[in-house]
Number of protein chains: 2
Amino acid sequence: MDPKLRRMTLKEWVAVESDSVQPMPHFRQELVRMMSMAADMLRGLGASVHSMDLGSQQLPDGQSLPIPPVILAELGNDPKKPTVCFYGHLNVQPAQQGEGWFMDPYTLTEVDGKLYGRGSTDNTGPVLAWIHAVSAFRALEQDLPVNIKLILEGTEEVGSVALEELMKKEKDGFFPSMDYIVISDDLWLTRTKPALIYGTGGNCYFMVEVKCRDRDFHSGTFGGILNEPVADLVALFGSLVDSSGHILIPGIYDQVAPLMEEERKLYEAIDLDLEEYQNNSQVEKFFDTKEEVLMHLWQYPSLCIHGIEGTFDEPGIKTVIPGRVIRKFSIRLVPHMNVSVVENQVKQHLADVFSKRNSANRMTISMILGSQLWTANINDTQYVAAGRAIRRVFGIEPDMIRDGSTIPIAKIFQDIIQKSVLMLPLGAVDEGEHSQNEKINRWNYIEGSKLLVAFFEMAELHS
Amino acid sequence: MDPKLRRMTLKEWVAVESDSVQPMPHFRQELVRMMSMAADMLRGLGASVHSMDLGSQQLPDGQSLPIPPVILAELGNDPKKPTVCFYGHLNVQPAQQGEGWFMDPYTLTEVDGKLYGRGSTDNTGPVLAWIHAVSAFRALEQDLPVNIKLILEGTEEVGSVALEELMKKEKDGFFPSMDYIVISDDLWLTRTKPALIYGTGGNCYFMVEVKCRDRDFHSGTFGGILNEPVADLVALFGSLVDSSGHILIPGIYDQVAPLMEEERKLYEAIDLDLEEYQNNSQVEKFFDTKEEVLMHLWQYPSLCIHGIEGTFDEPGIKTVIPGRVIRKFSIRLVPHMNVSVVENQVKQHLADVFSKRNSANRMTISMILGSQLWTANINDTQYVAAGRAIRRVFGIEPDMIRDGSTIPIAKIFQDIIQKSVLMLPLGAVDEGEHSQNEKINRWNYIEGSKLLVAFFEMAELHS
């Protein structure tokens, strides 16, 4: 397929505002439209496509939203060939022009060989690379060396609830006849060297609310005579992590697997230029050495503080004491941490800190997402096949890496339908997933399709 | 005037979205429209009205916005009568339907004798009460016992910059021929007992920015390997104030005037039912006793943490590390604290705390507003006249109180044009200025005009 045509399709798909995070009806309509565009394209390739309706979803505030349908598609049914199942998602993170984007995030914009747009790398671009790889065989009138199945969903950024339910329903239907599942929803460790990922972190995402009353206060009238909910939050969050990233919650490191000598060597072998990594990320300085950085990413848990709701967030001066605030943070889990143990440790710790403040406010903590971590056996067939495909297309050995991001669905695939997973990322480290000015390099997008074509051929050999 | 007619005017004026805080052109247009409506009404009463154009204002981000004109009006010019000048503002704090308001904040809504709407108490309602008091004499074809001047402005919530400049220009023009200036931009201490205010706090408003890079990060990819700007902010803000409201910035209490035995007795005499005050404010518990609460309001400085810019502030889950965040806080000044001393103490303290963290991020602190405090001599003519007017209309002694809110213009009036000030509040303590569901009691609004009529008569006697 002509590279220009591929970019045209990516432009059309990026233009859909398929934000699954913000609960406005507009975004849900866009998500449903996105899924239906994908279903149409797959039907055009001759796939048999099922668009699975999964009803609606109840939000914590009582609002009900339609769940975008999950697409289950099949191409080829030859019992002599292996069946490779691809999983991808077509929902995106929130994005808004002006908030740090140099262009409208929903208008694919090419600058210096980089294709900028929300979803370009996470995960719309890689989904299209898969579809293009399949259509390449069709275009050349060649037989596909493998049977293909595709699972495309629209709630990945909010925990893939819909899909988990569907897997339980289709456990004996769509899912059994596949050899393994491939996910291309991650990034290489560097800008130029392909990688295979054999583990991802788990995640516990917490929401802490501190409430005095539902309305705000005039700080001139009430300042100094009451416990400010924001001051309580500042104290609570100040007790979570120190300035070197060490988590201060008692017991949190108890479950962390000790570092083996073998792993330390693995880290040393990885070809990461820390200075270049810092420059690419536009970060002045990461913690410590290359090995320390890799261990902080893969070996130790980390704690990140996210947004705050309920305070005045516009420019300008407002003399107000917020009456009720909600702040979010998450802890990334590493082997062998367990979601429910972490949940208890966090709740106990914050309750202790809050009670010592003697605040008249009310605090509530909830864990709004808890996803277990995932690890793979790199000697499995699909890793061997992918390694050979990379050597053929790029002429080098892939980095064997782990990733701090959670792809909860990988663990769910293993647990519910007992299929093993291959993580075959197509994007470079600086693609900016979840951030402003997300992009995919045109080179990665095009070479990614070639890599997948090679992978289909290697998959046939290693079946 | 028929009370219904008064509410109708208030409804029309509240409907104007005269928000001076948010820098969008729409709000500035509304502000300009508001000022022109007020000018028209005053001309209708026979006043000579000057609408003073003050050019435009440069925001920190480079944007330029028109400054709403200041209205200078005069009614009567009899050298035998005293000249009372009223100062009020017609701009309002930001307000948005859905963000805690039970109605559209710009649609005046009466429930149980309460007139809800943005500006109803701060300061549109009191401005109209003044105009209604003047028009009452006109309606009865009676001579006004005093000459009236009015100064109405539109930037009070952002520091009255426009007015300060005008005063310097009109120092020898509009301003000399007045006996004193009356401001009705504050609240009583209770729901039912009128008060006179003889002092207001100063304010130092700070903005702290911590920046790693301009874009956000994916927390899965970058969590644990860098200094998070939000974590730096949490540590900085955690060093500002303890859970009992005590400010932790070194030296900050050095300038605070010691408590005199006489003042302690004044506090004891004030008729404040702490439990009722808490109930009215919907606050579980203020700090300590009635005397402690009053001292925290008037005798000690206080520190409030306001909004944050740059984090994800919507509901839902977003796994993001904000790359650049701005957080605001303010310190209320009490006698004899000085703006520039406080500015230095704050900047020094935060720089010390930040440097101990060894963070790779950049921190910038700026004081975006610094207003000196104000106190009055309660034996001045205007206080004596106002006290008599209150006794006549309400049959009781007013509470003599101070207010933590800043009314920077009072201090500026004293300093630049050397006129003394009377603060004659019309609203009750629970009107909710700056908060959601701001209101003015219909009773306060109507009796307020009556009080002003009586005040004009007393002012003639005490001239």
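Residues numbered from 1 in each chain as written. Chains lettered and ligands numbered in written order. Predicted model: local features only at pLDDT ≥ 70, side-chain atom pairs only at ≥ 80, totals over all residues. Heavy atoms only, no water.

In the nomenclature of an unreviewed UniProt entry, chain A corresponds to Carnosine dipeptidase 1 from the organism Sciurus vulgaris.

## Focus on the nonpolar core
Residue and element names in this part refer to chain B. Defined as follows: The criterion is simple. A nonpolar core is a set of buried Ala, Val, Leu, Ile, Met, Phe, Trp, Tyr and Cys residues joined through side-chain atoms within 4.5 Å. In this scheme, a residue with accessible area under 20% of its type's maximum is buried, one over 50% is exposed, and one in between is partly exposed, where area comes from a 1.4 Å probe on protein chains only. Numbering goes from the N terminus for both helices and strands, where a helix is a DSSP run of H or I of at least four residues and a strand is a run of E of at least two. We call two residues contacting when some pair of their heavy atoms lies within 4.5 Å.
I151, I183, Y277, F413, L424, F455 and F456 are the most contacted members of the largest nonpolar core, which totals 110 residues. For this core, the leading source of residues is helix α13 (residues 442-461), giving 9 residues. What L424 contacts, discounting residues up to four positions off in sequence, is V182, I183, S184, L196, A386, I390, L451, L452 and F455.

## What about the interface of chain A and chain B?
Quick reminder of the rule: Accessible surface is computed with a 1.4 Å probe, and the buried area is the amount of it that two parts give up when combined, taken over both parts together. Any Lys or Arg side-chain nitrogen found within 4 Å of a carboxyl oxygen on Asp or Glu counts as a salt bridge. Nitrogen and oxygen atoms within 3.5 Å of one another constitute a polar contact, given that in protein one can donate a hydrogen and the other can accept it, and given that sequence-neighbouring residues count only through two side-chain atoms. Gly is placed with the polar residues, together with every amino acid not listed as nonpolar (Ala, Val, Leu, Ile, Met, Phe, Trp, Tyr, Cys and Pro) or charged (Asp, Glu, Lys and Arg).
Taken together, the 78 residues of chain A in the interface contact 76 residues of chain B. Carbon and sulfur atoms supply 55% of the area that chain A and chain B bury against each other, a total of about 7300 Å² over both sides. Together, R215(A), I225(A) and I317(A) form the three largest contributors to the area buried by chain A at its contact with chain B, with a combined 11%. Seen at the junction of chain A and chain B, the total is 2 salt bridges. Across the chain A-chain B interface, the total number found is 27 residue pairs in polar contact (both at pLDDT 80 or more). When residues of the side of chain A that touches chain B are assigned to their parent elements, the largest contribution, 8 residues, is made by strand β13 (residues 302-309) of chain A. Class assignment of the residues belonging to the side of chain A that touches chain B gives a composition of 32 nonpolar, 27 polar and 19 charged.

## Looking at the sheet that holds strand β20 (residues 439-441) of chain B
Residues and elements named next belong to chain B. Where we set the bar: Pairs of strands are assigned from DSSP output, requiring at least two bridges between the strands. Lines fitted to the C-alpha atoms define the axes, with helices restricted to the stretch that makes contact. Angles between their N-to-C directions range from 0 to 180 degrees.
Across the sheet, 3 strands lie side by side as β6-β7-β20; this open sheet has antiparallel pairing. If you trace the sheet from one side to the other, it starts and ends with β6 (109-111) and β20, each paired once. The mean inter-strand angle of the sheet, taken between neighbouring strand axes irrespective of direction, is 25°. In terms of strand pairing, strand β7 (residues 114-116) meets β20 through 3 bridges, oriented antiparallel. Directly across from L115, in β20, lies its bridge partner I440. The sheet contacts of α13 involve β6, β7 and β20, and relative to β20 the element is tilted by about 65°.

## What to know about the relation of the copies chain A and chain B
Condition: The least-squares superposition of copies is restricted to C-alpha atoms, and to residues with a pLDDT of at least 70 in both copies.
Structural alignment of chain A on chain B gives an RMSD of 0.0 Å, achieved by rotating through 180° and translating 0.0 Å along the axis. The symmetry that links the two subunits is that of a two-fold axis. Distance from the rotation axis, computed per C-alpha, reaches its smallest value in chain A at V234(A): 2.7 Å. By residue overlap, the copies meet face to face through one surface: 97% of the interface positions of chain A are interface positions in chain B.

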